[in-house]
2 protein chains.
Amino acid sequence: MRNIKVVVSYDGTDYYGFQFQPSVRTVQAELERVLGLITKEPVTIYGSGRTDAGVHAAGQVINFRTQGSIPVERLCLAMNCLLPPSIAAMEADEVENDFHARYHARSRLYVYSILNRDVPDALASRFCWHVRHPLDVDAMRESARVLIGTHDFSSFASADRDQTSPMRDLNGIEIRRLGERVEIAVRANAFLRSMARVIVGTLTEIGLGLRPGLDMKRILEAADRRQAGKTAPARGLCLREVEY
Amino acid sequence: MRNIKVVVSYDGTDYYGFQFQPSVRTVQAELERVLGLITKEPVTIYGSGRTDAGVHAAGQVINFRTQGSIPVERLCLAMNCLLPPSIAAMEADEVENDFHARYHARSRLYVYSILNRDVPDALASRFCWHVRHPLDVDAMRESARVLIGTHDFSSFASADRDQTSPMRDLNGIEIRRLGERVEIAVRANAFLRSMARVIVGTLTEIGLGLRPGLDMKRILEAADRRQAGKTAPARGLCLREVEY
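Residues numbered from 1 in each chain as written. Chains lettered and ligands numbered in written order. Predicted model: local features only at pLDDT ≥ 70, side-chain atom pairs only at ≥ 80, totals over all residues. Heavy atoms only, no water.

Q: How should I be thinking about the domain arrangement of chain A in this particular structure?
A: Frequently, the measure chosen for interface size is the accessible area removed from exposure when the parts meet. Residues and elements named next belong to chain A. The domain architecture assigned to chain A consists of domain 1 (2-95) and domain 2 (107-243). The C-alpha-based centres of domain 1 and domain 2 are spaced at 27 Å. Together, the buried faces of domain 1 and domain 2 total about 1,200 Å²; carbon and sulfur atoms form 49% of this surface. On the domain 1 side of the interface with domain 2, the three residues burying the most area are Ser48, Asp52 and His56, jointly 40% of the side's total. (Domains from an automatic or database assignment. Buried area = accessible area lost by both parts, 1.4 Å probe.)

Q: Hey, could you run me through the interface of chain B and chain A in this one?
A: Listed per partner, the contact involves 25 residues of chain B and 25 residues of chain A. With both sides pooled, the region where chain B packs onto chain A buries about 1,800 Å², and carbon together with sulfur makes up 64% of that total. Sorting the residues of chain B by area buried against chain A places B:Ala122, B:Leu123 and B:Arg126 first, and these three jointly supply 32% of that buried surface. Where chain B meets chain A, there are four salt bridges. Among the ionic pairs, B:Asp14 bridges to A:Arg126, the shortest N-O distance being 3.0 Å. Inspection of the region where chain B meets chain A yields six residue pairs in polar contact (both at pLDDT 80 or more). Those elements that place two or more of their residues in the side of chain B that touches chain A are strand E1 (2-10), strand E3 (56-66), helix H2 (72-82) and strand E4 (87-95) of chain B. (Contact = heavy atoms within 4.5 Å. Salt bridge = Lys/Arg side-chain N within 4 Å of Asp/Glu carboxyl O. Polar contact = N/O pair within 3.5 Å; in protein donor to acceptor, adjacent residues only side chain to side chain. Helix = DSSP H or I, 4+ residues; strand = E, 2+ residues; numbered from the N terminus.)

Q: Can you walk me through the pairing of strand E5 (residues 107-115) of chain A in this structure?
A: Strand residues, when the strand is regular, have side chains that alternate between the two faces of the sheet. Residues and elements named next belong to chain A. Counting buried residues in E5 gives nine out of nine residues, a clear majority hidden from the surface. Here E5 pairs with strand E10 (residues 237-243) via six bridges, running antiparallel. Directly across from Tyr112, in E10, lies its bridge partner Leu237. Pairing analysis gives two bridges linking E5 to strand E6 (residues 129-130), with the strands arranged parallel. The partner of Leu115 across the bridge, within E6, is His130. (Buried < 20%, exposed > 50% of the residue type's maximum accessible area, 1.4 Å probe, protein only. Pairing = 2+ DSSP bridges.)

Q: Help me understand unusual backbone geometry, please; the structure alone is not making it clear to me.
A: Trans peptide bonds make up most of the peptide bonds, and negative phi angles are found at most residues other than glycine. All names here are of chain B. You will see that Ser23, though not glycine, has its phi angle at about 60°, which is positive. Residue placement: Ser23 occurs in the loop between E1 and helix H1 (27-39). Unlike most non-glycine residues, Lys40 shows phi in positive territory, near 60°. Mapped onto the secondary structure, Lys40 falls in the loop between H1 and strand E2 (45-47).

Q: Help me understand the relation of the copies chain B and chain A in this model?
A: For these two chain copies, the linking operation is a rotation about an axis paired with a shift along it. Of the transformation superimposing chain B on chain A, the axial component is 0.0 Å and the angular component is 180°, with the fit at an RMSD of 0.0 Å. Look at the turn and shift together and you get a two-fold axis relating the two. Taken together, the interface assignments show that 100% of the residues at the interface of chain B recur at the interface of chain A, consistent with an identical surface on both copies. (Least-squares fit on C-alpha atoms with pLDDT ≥ 70 in both.)

Q: Got a minute to help me understand the pattern of salt bridges in this structure?
A: As a working rule, side chains carrying opposite charge can pair if their charged atoms are close by. Residues and elements named next belong to chain A. Enumeration according to the criterion identifies 37 salt bridges over all chains in this entry. Between Glu142 and Arg145 there is a salt bridge, and its shortest N-O distance comes to 3.1 Å. Overall, the relative accessible area of 48% leaves Glu142 in the partly exposed class. A salt bridge links Glu221 to Lys217; the shortest N-O distance between them is 3.0 Å. Within this pair, Glu221 and its partner Lys217 are both found in helix H5 (residues 215-222), separated by four residues, close to a single helical turn. Glu221 gets classed as exposed once you look at its relative accessible area, which sits at 58%.

Q: In this structure, what is going on with the packing of helix H3 (residues 137-144) of chain A against helix H4 (residues 195-207) of chain A? I would like to understand it.
A: When two helices pack together, their arrangement is given by the angle between their axes and by how far apart the axes lie. Residue and element names in this part refer to chain A. At their nearest, the axes of H3 and H4 sit 8 Å apart, and the two run at 130° to each other. Here H3 is positioned oblique relative to H4, judged by the angle of their axes. Our pair here, H3 against H4, has a crossing hand that is right-handed. Seen from H3, the contacting residues are Ala139, Met140, Ser143 and Ala144; seen from H4, they are Leu203, Thr204, Ile206 and Gly207. (Axes fitted to C-alpha atoms, helices over the stretch in contact; angles between N-to-C directions. Parallel < 35°, antiparallel > 145°, perpendicular 65-115°, else oblique. Left-handed = near helix turned anticlockwise from the far one by under 90°.)

Q: For this particular structure, what's the right way to read the packing of aromatic side chains?
A: What characterises a pair of aromatic rings is the spacing of the ring centres plus the angle enclosed by the ring planes. Residues and elements named next belong to chain B. Applying the stated rule across the entire model yields 10 aromatic pairs over all chains. Plain terms: the ring middles of Tyr110 and Phe191 are 4.8 Å apart, the flat faces sit at 80° to each other, and that makes the pair edge-to-face. Pair noted here: Tyr110 is in strand E5 (residues 107-115) and Phe191 is in the loop between strand E9 (181-188) and helix H4 (195-207), with a separation of 81 residues, a long-range link. Of the two residues examined, Tyr110 and Phe191, each falls in the buried class. (Phe/Tyr/Trp six-rings, centres within 6.5 Å; stacked < 30°, edge-to-face > 60°.)

Q: Would you explain the pairing of E9(B) in this entry?
A: Residue and element names in this part refer to chain B. In terms of burial, E9 is a largely internal element, six of the eight residues being buried. Strand direction decides the pairing type here: E5 and E9, joined by eight bridges, are antiparallel. Looking at E9, one finds that Leu109 is bridged to Arg187. Of the strand pairs in this sheet, strand E8 (residues 167-178) and E9 are connected by eight bridges, and their pairing is antiparallel. Bridging across to E9, Glu174 finds its partner in Ala185. Count of turn residues in the E8/E9 antiparallel hairpin: two residues, of which Gly179 carries a positive phi of about 65°.

Q: Quick question: what am I supposed to make of the environment of A:Val27 here?
A: Residues and elements named next belong to chain A. Positionally, Val27 belongs in helix H1 (residues 27-39). Classification of Val27 by relative accessible area gives buried; the value is 1%. Each C-alpha atom, one on Val27 and one on Arg50, is 9.8 Å from the other, the two residues being 23 residues apart in sequence. When near neighbours in sequence (up to four residues on either side) are disregarded, Val27 contacts Tyr10, Tyr15, Gly17, Phe18 and Ile87.

Q: Help me out: how do you make sense of the confidence of the model for chain A in this one?
A: One rule of thumb: low pLDDT means the predicted coordinates there are not for detailed reading. Averaged over every residue, the pLDDT of chain A is 95; the share at 70 or more is 98%. Both scores are given for the predicted complex: the pTM is 0.90, the ipTM 0.84. (pLDDT = per-residue confidence, 0-100.)

Q: I keep staring at H3(A) and nothing clicks. Help me out?
A: Along an α-helix, a turn takes 3.6 residues, which lines up residues three or four apart on a common side. Residue and element names in this part refer to chain A. Buried residues of H3: Val137, Met140, Ser143 and Ala144, and no others. Buried residues in H3, looked at end-on, bunch into an arc of 135°, giving them a common side. Buried-residue contacts for H3 involve strand E8 (167-178), strand E9 (181-188), H4 and H5. (Arc of directions from axis to C-beta.)

Below is the structure:
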C-alpha cells in the first residue's frame, strides 16, 4: 500500500464542514469521491483536523492509502479536473507508511480576517467578518498574551466538545492591522472545537471596549465557556498551514 | 422628488445578473426590495449598466427617486442592515434631478482576473478564471492595441445583442501580470453585451499561442462574432468603476 499526503484548499461556504456526515455536502466526502474515481478503490482520507461548517482552508493536509499506481506528480491535476472549483489539490507527495495527517501534526495555524470599517465589502463577504466600529488592536494584542503557553482552554471551547483533555499549547498569537483589515493568526499544537473563533470573538469584544483587557486572564482561569465572548462567525476563519 | 445616487458592490455568483427578471434572484430586485422597505414606497432603480449572471461589481452606480426623507448619510447603513452580505451599499449622494446612472455615464471600467498557474485556487475560484498554461502577456498587450479607439465591436458581442449601434469607444486596455495573476482592465464609453468577456477570451487564445496576435485586426474588421475567441467565464469579471 502507498501512503499519499495531499495539501488541499477549500472555500468552506457551501460545505457542512470538513468531516463526513451522511446526506450533507462535506469536504471529506468530495475528496473521497474523487480519489475513489481516480484510484478505482474505496478511499478513506484522514485530515489534519475538522474544520467547522463555513470555515475555509488554504493548507489543510490529508493522507490516504491506496494500491493505485497513479504517479504523485499527476495526482493534483487529476483531482482538480474532477473536484468542484471550491476545492483544490495543491501538492501531493508519497510519504512513509506510518504518516498520519492528524496524529503527526505538530501545529496548526489558523488566520481570522476582520474587515474593520464602516461599510461592508460584498466581494469579501465570504472570507471576513465585518466589524463596523474601530478595533483597538493594541488592547487586543496586550490581552492575547496571557493565552500563550500550555493551558486548559475550556473557556474557549464549544460546550458540546468531545470528552478529551482541554489542555492545549498555544504557541503564538499575532494580531496585525493591514489598512482596513485586522488579521488574527493563532498557532497551537491543536485546537478544541471552535477555539479559534471563541478567542477571536473575545478579543473583538476587548478591541471594541466592551470588556476590559484584563478580563482575559480571569476568563482563561475560569475554565468556563460562559465567561468568554461570543463565537466569531465561521466565514472569517481559514486553516492556513499544518506543520509536521 | 429627491434623486439619489448610490455606489454598490456585489458578489454576482448567486445572482442571475443585475437586471430584474421575474422569479429569479437579481441584484436589481434585491436593491429595489430594500429601498422599498426603507422609503416605504415602491422604488425603481436605474443602474449604469447590466452585468451578466455571475459577473461582480466593485463600483456599480445606481440612482432612484424618492419622496422619503432618510438622510443620505444614513442610507448606506440602513441598506447594509437589510441587504444580504453579497450586496453592499458603499456611498450615497443626493444628485441633481436629471442625473441618470445609465445615460450620464461617460465610461465604465471592467477588470478581468485570470489565475495563471498550474494549480487552481479554491479560495479565489469565484473571482478569477484559472488558466493553467503560461500566458504571453506581451503578445496579449501588443494585439490589444488595435482595439483602442472608436470601432464597430460586433465581433466581440453576443450574437443575441439588442439592435442598437455596435459602435463603441474603447478608451484603454491594460494588461498586467501580478505574480500568478494576470489582470486585464478595459475602459470604454459603454460595452456591448459580453464584450469585455469576448475580448478577454480572444486575448487569452493569443496569449496561449492558439492564434497569432495579428489576428486581432482581422477579427475587429470582420464585424462577425464567429471570428473572435470564446467568451471568458463570467466569474473573472468585475465592474470596477463608472465615470460621470
